[in-house]
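# Coordinate analysis (summary)
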Amino acid sequence: MSDITSQSLFELTSNIKEKKLSSEEITKVFIDRAEKSKKLNVYVTDNFEKAIDQSKKFDSNPNFDLKLPGIPIAVKDLFCTNGVRTTAGSKILNNFVPTYESTVTQNLWSQGAILLGKLNCDEFAMGSSNETSFFGNVQNPVGENLVPGGSSGGSSAAVAANLTPVTIGTDTGGSIRQPASFTGTVGLKPTYGSCSRYGVVAFASSLDQAGPMTKNVRDCSMLLEVISSFDQKDSTSIDYKRNCYSKELSKDIKGKKIGIPKEYRVDNMPDEIEQLWKNGISYAKDCGAEIIDISLPHTNYALPTYYIVAPAEASSNLARYDGVKYGFRSPGQNLIEMYEKTRSEGFGDEVKRRIMIGTYVLSSGYYDAYYLKAQKVRQLIKKDFDDAFSKVDAILTPSTPSSAFKIGEKTNDPVSMYLNDIFTVPINLAGLPGISIPAGKDKNNYPLGLQVIGKPFDEQNILNISYALEDKINFKNDISDWWVSE
Amino acid sequence: MTIDLKTVKHISKLARISIDDEKANKLKGDLNNIFEFIEKLNELNTDNVQALTSIAETTLRFRKDEIKSENIREKILKNSPEENKDFFVVPKVVE
């Protein structure tokens, strides 16, 4: 049997069901490895003691009918976990212990999973490199002093470094797919309305979605099946019949029409990414898919639109952090001073910047020029995809315009940081499902990803296409464990 | 258009985030860079485009108006920043 921590979710669940491994055994090896991997800084809060107790409890009365039987899982610290500190990577929630559970994490525990701990992320999920976290940056296991992407950077690093079998992240503009691409892992952002937002710390409510982050496509289908559910507690949750994604997973994509949007060939894109994309296209052809050139004419307007819509919603969502009912409070002579000091000391620079943008675009006299304009352009971006999907079943693009960059490289230039999300943001604006799979490496041996975008609620189709491509690509991450201390 | 220091201070007041002059100057630079990038949207004529207000294309669901809550008073007060088992405490509001 291969090393336990490097096993896929599929292997681990099989081994548990066949009684070759116990939940306690598995849980302990992940904890041991985490203790030796502190240098990566993936954990904000661990739940190790309770996890071992719960694994023993599972083993003493196992239920092998569950989909995640006794499987230990760490999750992004943006999901509220009952009784376990939830910080969203912010000082302002440093002492916050939820008294309720998010629906997606509840779905994990209901299927037998055990909480290992809470994973580092950019503050309030605002960032593309995990450098905005109050708890410090995360190291990418791919190489020293490389960012793991963001905002789900602790999650992507934890999966790539074999510190959790799988994890869940959240994606508002690319926060699952970009870090997956930077770490050679798989990440899927579901259709808006698939996974409940209840109990997920809100960033931009019309864009936020939770989704699986895994080592491979099959694990991704298994985890999506568990977390995707209709939920009365989320007013935008959609009641539709969800597939048994893992059961219906198939490499047969013969005759599928895959669109290639010419607008994703951006200026200064490295040749390696162009080549990666070409390879992906030829693999899809080998699998019997039909390749069709398409146009998404408003692609270049997606990022500017996003940087109005997302900060506007964020400034409204984050108004609740005022030091009154929970979270950090800085004392003041009067109520207003308390608010202002609490928010000034409690939020980091990037969050403040986005609150300021959002406040400005929503302020009196500017609403029409910015927010309304952005909502209109968002309609045009959505229409681009509607038109494209009348001709094709899915769209294939690169996941990111570059591979992982060095820590500190882009922190002083917000706009260049924002450009990282150029291929992922349009999908959130249109509410579509998208998946990033590892597809190759650049000259530095850093992973690069390809993105498959689907029609609304067509997660099965993009999983199947990814499953077929994954087989042809045969990606190997070969990470050296450089950070491990004995 | 450019955002001046006075505007930055005004926004910070609206956002209830106190900032000193040094931070305000830094933010002024950042915001101007970001808005320069955002101005690209003005290239598009959107006169006849309907604003997209909801991506989910569903109407809000109705539910029965019935009391479901348990007694969660303690849970709600549990994370209160200042110790007081009965109320949230804030600085004096009425002089």
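Residues numbered from 1 in each chain as written. Chains lettered and ligands numbered in written order. Predicted model: local features only at pLDDT ≥ 70, side-chain atom pairs only at ≥ 80, totals over all residues.

For chain B, the count of helices and strands is three helices and zero strands. Counted from the first residue to the last, chain B has its helices and strands arranged as α-α-α. For a compact globule of 95 residues, the expected C-alpha radius of gyration is about 12 Å, and chain B comes in at 23 Å, more than 25% above that figure. Viewed in the frame of its principal axes, chain B has a C-alpha envelope of about 55 × 45 × 25 Å. (Helix = DSSP H or I, 4+ residues; strand = E, 2+ residues; numbered from the N terminus. Rg over C-alpha atoms; globule rule 2.2 N^0.38 Å.)

Residues and elements named next belong to chain A. The residue after Gly150, namely Ser151, is reached through a cis peptide bond having omega 10 degrees. You can see Ser151 is positioned in the loop between β3 (114-119) and α5 (153-160). In this model, Ala88 sits at a positive phi of 55 degrees, which is unusual for a non-glycine residue. With respect to the element layout, Ala88 can be found in the loop between β2 (72-76) and α4 (103-110). Despite not being glycine, Asn145 has its phi angle at roughly 60 degrees, a positive value. Mapped onto the secondary structure, Asn145 falls in the loop between β3 and α5. Residue Asn145 is classed as exposed on the basis of its C-beta count, with 11 C-beta atoms lying within 10 Å. (Buried ≥ 20, exposed ≤ 12 C-beta atoms within 10 Å, placed from the backbone.)

This paragraph deals with the pairing of strand β11 (residues 447-454) of chain A. Residue and element names in this part refer to chain A. Burial runs high along β11: eight of the eight residues are buried. Across the two faces of β11 the burial is the same, with Pro447, Gly449, Gln451 and Ile453 and Leu448, Leu450, Val452 and Gly454 all buried. As paired strands, strand β9 (residues 394-398) and β11 are joined by five bridges and run antiparallel to one another. Across the sheet, the residue bridging to Pro398 is Leu450, located in β11. Relative to β11, strand β10 (residues 434-441) runs antiparallel, the two being bridged by seven bridges. (Pairing = 2+ DSSP bridges.)

It is worth spelling out the packing of helix α2 (residues 23-35) of chain A against helix α3 (residues 48-60) of chain A at this point. All names here are of chain A. It is at 8 Å that the axes of α2 and α3 come closest, and there the two elements cross at 160 degrees. Taken together, α2 and α3 sit at an angle that is classed as roughly antiparallel. Handedness of the α2/α3 crossing: right-handed. Two secondary-structure elements touch here, α2 through Ser23, Glu24, Thr27, Lys28 and Ile31 and α3 through Phe48, Ala51, Ile52, Ser55, Lys56, Phe58 and Asp59. (Axes fitted to C-alpha atoms, helices over the stretch in contact; angles between N-to-C directions. Parallel < 35°, antiparallel > 145°, perpendicular 65-115°, else oblique. Left-handed = near helix turned anticlockwise from the far one by under 90°. Contact = placed C-beta atoms within 7 Å.)

To continue, consider the interface of chain A and chain B. On the chain B side, the residues contacting the 52 residues of chain A number 37 residues. Counting only elements with at least two residues in the side of chain A that touches chain B, the list comes to α9 (302-317), α10 (335-346), α11 (349-362), α12 (368-388) and α13 (414-418) of chain A. Counting residues per element, the side of chain A that touches chain B draws most heavily on α12 of chain A, which supplies 10 residues. Classifying every residue of the side of chain A that touches chain B by side-chain character gives 23 nonpolar, 18 polar and 11 charged. (Nonpolar A, V, L, I, M, F, W, Y, C, P; charged D, E, K, R; others polar.)

Counting residues in hydrophobic clusters, the biggest one holds 145 residues, and the most contacted among them are Ile73, Ile227, Tyr307, Ile308 and Ala394 of chain A. Per-element accounting of this core gives the leading share, nine residues, to α9 of chain A. What Tyr307 of chain A contacts, discounting residues up to four positions off in sequence, is Ile357 and Tyr418 of chain A together with Ile34 and Ile38 of chain B. (Core = buried A, V, L, I, M, F, W, Y, C linked by C-beta atoms within 7 Å.)

Further remarks concern the sheet that holds β2 of chain A. Sheet strands pair by backbone hydrogen bonding; their relative direction is either parallel or antiparallel. All names here are of chain A. Sheet architecture is open: three strands sit in the order β1-β3-β2, paired in mixed fashion. Here the strands that pair on one side only, and so sit at the sheet edges, are β1 (43-46) and β2. Geometrically, the sheet is characterised by an average inter-axis angle of 30 degrees between neighbouring strands, direction not taken into account. Relative to β3, β2 runs parallel, the two being bridged by five bridges. Paired with Ile73 across the strands is Leu115, a residue of β3.

In this section: the confidence of the model for chain B. Confidence in the prediction of chain B, expressed as mean pLDDT, is 89, and 98% of residues score 70 or more. Here the predicted complex scores 0.97 on pTM and 0.94 on ipTM. (pLDDT = per-residue confidence, 0-100.)

This next bit is on helix α8 (residues 271-286) of chain A. All names here are of chain A. Relative to the 22 Å expected for 16 residues at 1.5 Å per residue, α8 spans 22 Å between its end C-alpha atoms, a close match to the ideal helical length. Within the span of α8, buried status applies to Ile273, Leu276, Trp277, Gly280 and Ala284. Summarising the axial view, the buried residues of α8 lie within an arc of 95 degrees, below the 170-degree limit, and thus occupy one face. Exposed and facing more than 90 degrees away from the buried side of α8 are Asp271, Glu274, Lys278, Ser282, Lys285 and Asp286. (Expected span 1.5 Å × (residues − 1). Arc of directions from axis to C-beta.)

Residue and element names in this part refer to chain A. Read from one edge of the open sheet, eight strands run β4-β6-β5-β10-β11-β9-β7-β8, paired in mixed fashion. Strand pairing shows two members of the sheet lacking a second neighbour, β4 (167-171) and β8 (290-294), which therefore form its edges. Recorded for the sheet is a direction-independent mean angle of 30 degrees between the axes of neighbouring strands.

On to the packing of α11 of chain A against helix α2 (residues 21-38) of chain B. In the contact formed by α11 of chain A and α2 of chain B, the axes pass within 11 Å of each other and the chain directions differ by 60 degrees. Judged by the angle between their axes, α11 of chain A and α2 of chain B are oblique. Handedness of the α11 of chain A/α2 of chain B crossing: right-handed. Counted together, Arg353, Met356 and Ile357 of chain A of α11 of chain A and Leu27, Asp30, Leu31 and Ile34 of chain B of α2 of chain B form the full contact between these two elements. Its residues assigned to classes, the contact of α11 of chain A with α2 of chain B shows five nonpolar, no polar and two charged.

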